[in-house]
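Results of the structural survey
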Amino acid sequence: MRLWDFEKYADRIAVITEKGRRYCYREIFEMQKKIAGNIKRASLVCMITANDMGSLVGYLACLLNDAVPLLLSAQTQKRDVHKMLETYLPEYFWLSNEQSDLAENQGYTLIFTYLDYGLWKRVLKSEWKLHAELALLLPTSGSTGNPRLVRLSRENIIANTKSICRYLKLTKEECAVTSLPMSYTYGLSVIHTFLHVGGSVYLTSESVCRKSFWTQIKRYHVTFFAGVPYTYECMKKIGIRERTLESITKLTQAGGKLSDEQQVYWGELARKTKKEFYVMYGQTEATARISYLPPEDCLGKIGSVGIPIPDCKIQIVDTNGSTICVPHMTGEIVCKGQNISMGYAERRSDLESGDDNKGILYTGDLGYWDEEGFLYISGRKSRFAKIYGKRIDLSYLENQFQHELGIQVVLLSDDKKIYLYTVRNQIKNAMDYLQQKTEFHAGAVEGKDIAELPRNEYGKIKYHC
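Quick look at the structure, then. In this numbering scheme, every chain counts its residues from 1 along its sequence in written order. Residue-level local features of this predicted model are given only where pLDDT is at least 70; pairs of side-chain atoms are given and counted only at 80 or more, and the full residue set underlies all totals for whole chains, interfaces and linings. Side-chain metrics rest on all non-hydrogen atoms present in the structure, leaving aside hydrogens and water.

1. Here's the deal with the state of the cysteines
Two cysteine sulfur atoms form a disulfide, by the criterion used here, when they sit within 2.5 Å. Considering all chains together, one arrives at zero disulfides under this definition. Not part of a disulfide, Cys-46 finds its nearest cysteine sulfur in Cys-62, a span of 10 Å. Here Cys-298 stays unpaired: no disulfide links it, and the sulfur of Cys-234, its closest cysteine neighbor, is 19 Å away. Cys-298 sits in the buried class, given a relative accessible area of 2%. Summary of the burial criterion: residues with accessible area below 20% of their type's maximum are buried, those above 50% are exposed, and those between are partly exposed, where the area comes from a 1.4 Å probe applied to protein chains only.

2. Concerning the pattern of salt bridges
Salt bridge, as used here, is a side-chain nitrogen of Lys or Arg placed within 4 Å of a carboxyl oxygen of Asp or Glu. For the coordinates displayed, the defined rule picks out 24 salt bridges. Here Asp-11 and Arg-26 are joined by a salt bridge, their closest N and O atoms 2.5 Å apart. Placement of the pair is Asp-11 in the segment before strand S1 (13-16) and Arg-26 in helix H1 (residues 25-36), with a sequence separation of 15 residues. Take Asp-11: its relative accessible area is 59%, and that puts it in the exposed class. Overall, the relative accessible area of 41% leaves Arg-26 in the partly exposed class. We note a salt bridge from Arg-455 to Glu-233, for which the minimum N-O separation is 3.9 Å. Linking Arg-455 in the segment after strand S26 (445-449) with Glu-233 in helix H7 (residues 229-237), this pair joins segments that are 222 residues apart in sequence. Each of Arg-148, Glu-346, Arg-347 and Asp-350 takes part in salt bridges that share partners, so that together they form one network. Helix and strand definitions here come from DSSP, where helices need a minimum of 4 consecutive H or I residues and strands a minimum of 2 consecutive E residues; each element is numbered from the N-terminal end.

3. Observations regarding the nonpolar core
Only buried residues count toward a nonpolar core, which is a set of Ala, Val, Leu, Ile, Met, Phe, Trp, Tyr and Cys residues joined through side-chain atoms within 4.5 Å. Counting 79 residues, the largest nonpolar core has Ile-28, Tyr-59 and Trp-94 as the members making the most contacts within it. One finds Phe-225, Leu-258, Val-279 and Leu-293 within the second-largest nonpolar core, a separate group that totals 28 residues.

4. Quick notes on the packing of helix H9 (residues 394-405) against helix H10 (residues 427-438)
Here, axes are lines fitted to C-alpha atoms. For helices the fit covers the stretch in contact, and angles between N-to-C directions go from 0 to 180 degrees. Contact geometry of H9 with H10 gives a least axis separation of 11 Å together with a crossing angle of 120°. Classified by the angle their axes make, H9 and H10 are oblique. Helix-helix and strand crossings are classified by hand; for H9 and H10 the assignment is right-handed. Every residue of H10 that contacts H9 at Leu-397, Gln-400, Phe-401, Glu-404 and Leu-405 is listed here: Asn-429, Ala-430, Tyr-433, Leu-434, Lys-437 and Thr-438. In the scheme used here, Gly and all other residues not listed as nonpolar or charged are polar, with Ala, Val, Leu, Ile, Met, Phe, Trp, Tyr, Cys and Pro taken as nonpolar and Asp, Glu, Lys and Arg as charged. The class makeup of the residues in the contact of H9 with H10 is six nonpolar, three polar and two charged. Orientation labels follow simple angle bins: below 35 degrees gives roughly parallel, above 145 gives roughly antiparallel, 65 to 115 gives roughly perpendicular, and whatever is left gives oblique. Crossings are classed by handedness, with left-handed meaning an anticlockwise turn of the near helix from the far one by less than a right angle and right-handed meaning a clockwise turn. Contacts: residue pairs with any heavy atoms within 4.5 Å of one another.

5. With respect to the sheet that holds strand S25 (residues 418-422)
Pairing between strands requires that DSSP locate at least two bridges from one strand to the other. Taken in spatial order, the three strands of this open sheet run S24-S25-S26, and their pairing is mixed. Whereas interior strands pair on both sides, the edge strands pair on one side only; in this sheet they are strand S24 (409-413) and S26. Looking at each pair of strands side by side, their axes are set apart by 20° on average, direction ignored. The sheet contact formed by S25 and S26 spans five bridges and is parallel. Looking at the pairing, Tyr-421 lines up with Lys-448 of S26. Docked against the sheet, H9 engages S24 and S25, running at close to 155° with respect to S24.

6. Description of the environment of Gly-459
Positionally, Gly-459 belongs in the segment after S26. When the C-alpha atoms of Gly-459 and Gly-227 are compared, they prove to be 9.2 Å apart, with 232 residues separating the residues in sequence.

7. Here we look at H1
Each residue after the first adds 1.5 Å to the expected span of a helix. In this model H1 runs 16 Å from its N-terminal to its C-terminal C-alpha over 12 residues, within 8% of the 16 Å that 1.5 Å per residue would give. Along H1, the residues that are buried comprise Tyr-25, Ile-28, Met-31, Gln-32, Ile-35 and Ala-36. One side of H1 carries all its buried residues, which in axial view fall inside an arc of 135°. Close packing links the buried residues of H1 with S1, strand S2 (22-24), helix H2 (53-64), strand S5 (92-96), strand S6 (109-114) and helix H5 (185-197). Comment: arc refers to directions from the helix axis out to C-beta atoms.

8. A look at the pairing of strand S4 (residues 68-73)
Taking burial as the measure, the six residues of S4 include six buried ones, the bulk of the element. On S4, burial covers both faces: Val-68, Leu-70 and Leu-72 on one face and Pro-69, Leu-71 and Ser-73 on the other are all buried. Bridge count for strand S3 (residues 44-49) against S4 is six bridges, and the pairing is parallel. Paired with Thr-49 across the two strands is Ser-73, which belongs to S4.

9. Re the packing of aromatic side chains
The rule is short: rings of Phe, Tyr and Trp, with Trp giving its six-membered ring, pair when the centres are within 6.5 Å, and they are stacked under 30 degrees, edge-to-face over 60, tilted in between. The tally for this structure, following the rule as stated, stands at 20 aromatic pairs. Here Trp-214 and Phe-225 contribute two aromatic rings whose centre-to-centre distance is 5.6 Å and whose plane-to-plane angle is 35°, an arrangement assigned as tilted. In this pair, Trp-214 is assigned in helix H6 (residues 211-219) and Phe-225 in strand S12 (residues 224-227), connecting sequence segments 11 residues apart. No difference in accessibility class separates Trp-214 from Phe-225, as the two residues are buried. Between Phe-401 and Tyr-433 the ring centres are 4.8 Å apart and the planes differ by 65°, which places this aromatic pair in the edge-to-face class. Of the two residues, Phe-401 is situated in helix H9 and Tyr-433 in helix H10; the sequence distance between them amounts to 32 residues.

If you want it as structure tokens, here you go:
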């Protein structure tokens with residue numbers, strides 16, 4: 001895949017590790033070739049990834065050799081890893097030596113070790129093909145149920161990478177930190193974009209809640225930071241302020257709806273310190289990004305996810321599929337562009353399929369335009385409950401709790417009751433508000449105060465856990 005010009009940026013620093021080791025682009029390219037030489041072209045490679053050199057170079061080696069990486073997080077449960085191996089039958093398995101037990105008793109043989117990682121291989125009874133355009137497989141970042149895999153093409157990755165570089169105005173002088181897992185489309189897009197422009201990536205698995213994370217940010221002059229809403233909530237809670245963010249020039253947010261309060265807080269801090277704060281919207285199915293809110297509009301368009309990224313079109317459609325042009329009229333958000341994935345996979349044979357989506361993605365998100373053409377997300381099409389004949393938008397209600405009460409809740413339903421979960425002894429206020437909003441009697445709602453809302457490693461609510 002021709003996305004990174006290792007010759008052009010040969011002597012520039014590409015990666016900085018937690019131990020302070022610096023690798024230039026030429027070194028990264030040579031490291032890739034060592035791994036790639038052991039992987040057959042057009043084969044499937046399951047990878048257990050962390051934000052370290054073994055994962056990064058292994059991933060780049062697959063793309064260099066036209067092999068297809070299937071990225072799983074190092075936090076993935078053992079049983080789920082084995083289920084992926086059984087379902088998708090990858091010819092190769094790349095994982096750290098510490099996790100080698102995942103490959104044992106699965107028919108794999110260790111054939112190569114490098115960077116504290118091992119490459120395992122197995123011979124399949126049947127020969128499976130991969131579609132010629134297939135380049136990458138990612139679990140969806142959705143928070144409900146077991147994720148399917150999203151099939152991404154070379155064109156998808158290249159188009160979205162170039163688009164993101166354009167609207168963020170990224171340059172080779174900048175340095176990003178891996179504040180999100182590389183197995184997550186948002187975290188991976190940061191790596192893609194910075195290597196594309198010849199910038200640097202500080203590679204770390206450290207939590208943003210640790211003081212040492214921010215010490216290293218200053219030490220290595222990191223200029224770019226990416227976070228999901230939960231990341232920014234944590235940063236605000238632990239008191240991350242101007243001095244801590246001294247080297248940062250760009251802050252970006254995606255991976256869920258940012259509360260109005262958080263948008264104001266970080267928007268004001270960015271304006272005060274002359275930084276850029278980007279609120280963005282994306283999906284794995286769109287490779288990474290769909291829209292962005294220009295920093296200059298951050299405080300004037302609270303709640304908005306902005307305008308389409310370059311070379312991507314967004315429409316709002318009604319239940320009949322007709323385009324809605326009237327401001328503030330809600331419909332499903334539909335995206336069109338080269339960044340739209342080929343489709344989903346649920347079994348190995350699906351990896352032979354071509355472009356099912358044909359450049360069009362029905363996101364399942366509900367939204368509307370304002371009078372000036374800025375996009376707002378109002379809920380999720382699939383998160384509706386129907387109780388006593390009354391249709392309830394659970395996502396919309398969750399947003400209303402944040403907006404009007406400043407309380408984060410999780411709402412679930414079995415179409416008999418609404419189940420409300422919240423933290424910090426706020427259950428009474430939350431229950432009173434829910435009954436007021438729905439006008440249901442007490443028997444139709446049930447609430448529980450829990451110690452902590454369940455989240456996945458990307459900071460998203462786990463609705464099924």
